[in-house]
Every structure is written in C-alpha cells, then in structure tokens.
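The chain contents come next:
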Amino acid sequence: FFFLMIRRPPRSTQSRSSAASDVYKRQVHGEDIAVSYGYNNITEVLPPSATVGGQQFINKMSDYIRLELASTGYREVLNFGLNSKEELSKFLNRPLDANVVHIGNPKSADFQVVRNTLIPGIMKSLTSNITNKLPISIFEVGDVVLKDESTETGARNERRLVALQAHQFSSGFEFIHGLLDYIMGKLKVRFDAAEGYAIRESNNPTFFEGRQAEVTFKGRGIGTMGILHPLVLEQFKWPYPVSLLEINLGPLVETFSSH
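Summarised in this report is the structure supplied together with it. (Residues numbered from 1 in each chain as written. Predicted model: local features only at pLDDT ≥ 70, side-chain atom pairs only at ≥ 80, totals over all residues. Heavy atoms only, no water.)

## Here's the deal with the pairing of strand β6 (residues 136–147)
Judged by how many residues are buried, β6 sits mostly within the fold: 10 of 12 residues are covered. Sheet topology places strand β3 (residues 75–76) next to β6; two bridges connect them, and they run parallel. Bridge pairing links Arg75 to Ile138 in β6. (Buried < 20%, exposed > 50% of the residue type's maximum accessible area, 1.4 Å probe, protein only. Helix = DSSP H or I, 4+ residues; strand = E, 2+ residues; numbered from the N terminus. Pairing = 2+ DSSP bridges.)

## What about empty space enclosed by the protein?
One way to see where empty space is left: roll a probe the size of a water molecule over the atoms. Following the criterion strictly, the structure yields one cavity of 30 Å³ or more and no others. Of the pockets and cavities examined, the largest cavity occupies roughly 40 Å³. In terms of lining residues, the largest cavity is bounded by Tyr64, Ile65, Glu68, Tyr182, Ile183 and Lys186. Counted by class, the lining of the largest cavity contains four nonpolar, no polar and two charged residues. (1 Å grid on protein atoms, 1.4 Å probe; cavity = no way out; pocket = protein on both sides within 12 Å on 5 of 7 lines; lining within 4 Å. Points joined across faces, edges and corners; volume = space filled by probe spheres on them. Nonpolar A, V, L, I, M, F, W, Y, C, P; charged D, E, K, R; others polar.)

## Notes on the side chain of Gln165
Along the polypeptide, Gln165 turns up in strand β7 (residues 155–166). For Gln165, the side chain forms a polar contact with the side chain of Ser137, separated by 3.0 Å. Side-chain polar atoms of Gln165 contact the side chain of His167, separated by 2.7 Å. The residues contacting Gln165, other than those within four sequence positions of it, are Tyr74, Pro135, Ile136, Ser137, Ser171, Gly172, Phe175, Ile176, Pro241, Val242 and Ser243. (Polar contact = N/O pair within 3.5 Å; in protein donor to acceptor, adjacent residues only side chain to side chain. Contact = heavy atoms within 4.5 Å.)

## Things to note about helix α2 (residues 57–71)
Given a rise of 1.5 Å per residue, 15 residues ought to cover 21 Å, and the 21 Å separating the end C-alpha atoms of α2 matches this to within 8%. All buried positions along α2 are accounted for by Ile58, Met61, Ser62, Ile65, Glu68 and Leu69. The buried residues of α2 occupy an angular sector of 130 degrees when the element is viewed end-on, so they sit on one face. Turned more than 90 degrees away from the buried face of α2 sit Leu67 and Ser71, all of them exposed. Those residues of α2 that are buried lie in contact with β6, β7, α4 (173–186) and α6 (253–257). Directly beyond the C-terminal end of α2, a positive phi value near 105 degrees is found at Gly73. (Expected span 1.5 Å × (residues − 1). Arc of directions from axis to C-beta.)

Structure below.
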C-alpha cells in the first residue's frame, strides 16, 4: 500500500469539541488538511516505517463468542442503541439508573436515552417472533453506554453479551446456567471465586426472586442471570417463562488475550 504524506504542509490550526464522537486522535485531522492542501499536490511516497495492523482483542473475542453461540443453536439479533425511558425503568421493574445517558431534544419517545442494558432490545426481538415455534434461543453482543465523569466525553462504552431461552412449559434456567459455563470454558476462565468466575446471591428486581444469581469475575460483579420477573414479561407482552443472562465482556479480555 502507498501512504499519502505531506512533506511541507501549510500552517493550520484546528480545534475540536469534546462532544465530537467521530474524532479520536489528531491524525483524524489529516483528511481535512489534505483537502485544503489539494490531493493533486500531494506526493506519493513509501512510509518511513512498516507496521502491521490487527483486530482489537475486544472485537476478536466478541466474534469468537458469536461463533460459539451460533454453533450451539442460538440465533443472533441486532437492536437499536437507543430506548425509551420506560423501557429502561418500568419495563424492567426498576427505577431509571442514574448512569443513563439522555438524548437532547429526542425526535421520538422511543429513542429518549442510550441503552445501558441489552435486555429491552432482546426482549423486543423475542416478542416480535411470538408466532415462531418454541423454544426460542437468541443472543446479542453489543455496546451499552454509561455515564463516566473520568472520560473526556463524560461517558464510556461497555461491551456486553445477553442471551435468553424462552420455553412454553419450563423456565429454561438450567440452559442459561449451562451457557454461562460453556462460554467461560471456551474463554479458559475457570470456576474460582478469587481468580476466575463464580456466582453469588443477588436481588435484582428485573428477575424472579430466589431464581437469579450475580455473575462475578475475580470477586467483582460482571452481570446477572435468572428467570425474568412476571411483571417484566407482562410489560413486553410475552406469555411464557424466559431465562436470561447478561454479562460485561470487558473484564474477560485480558484472560482471552493471554490464550
């Protein structure tokens, strides 16, 4: 490949807003400078050094998990990154979290906030397929956005996995529990409360009391699994039991990259 390099670029002063999500580094300004300088005035030269690009480990692990889940019979879904406030609160049987990022002047009541969980999206995908034959096994790997004052933009992305099982006469909780063990086994994460993953008692109002558990990694909570609360199913107009797992994949990247 040939790289375009400007040997004697004109003087240029550019600034960017911290809210510009499409600008990550100063190199992004190169295109603007090239346009003002004129593409025809740029001399094509070989770069002084050769580098090899590669896929980020978080994306590589996400693709690996997608492949493994697809091989077990789960079907992948893709949902919008925006939700209504009710879908992140009333629909999940809990108050709206303080870390939710709100959209200024939303054009639709369906897209008022940025999702901080993948549960509403996958439940809407489930209810859209209510006429399909049960059981239904679907999953999604995607980003959620959380407020974080330590970042320049005041928010950060978090890669998560959500998967669910919908059965007609049983909850399917044992399948979701088995799926967690399967994923951790593929990522070479052993069942160890101190150095690996484990489960412990939780009290998440989105799930049925006594039929849920918090998933931990090295002692820190990374997600929840369990049977969805009947009030949640009622809000999404789904008549059958649903078991669901949602975990944060970020903490598992280091373990995945070492293998």
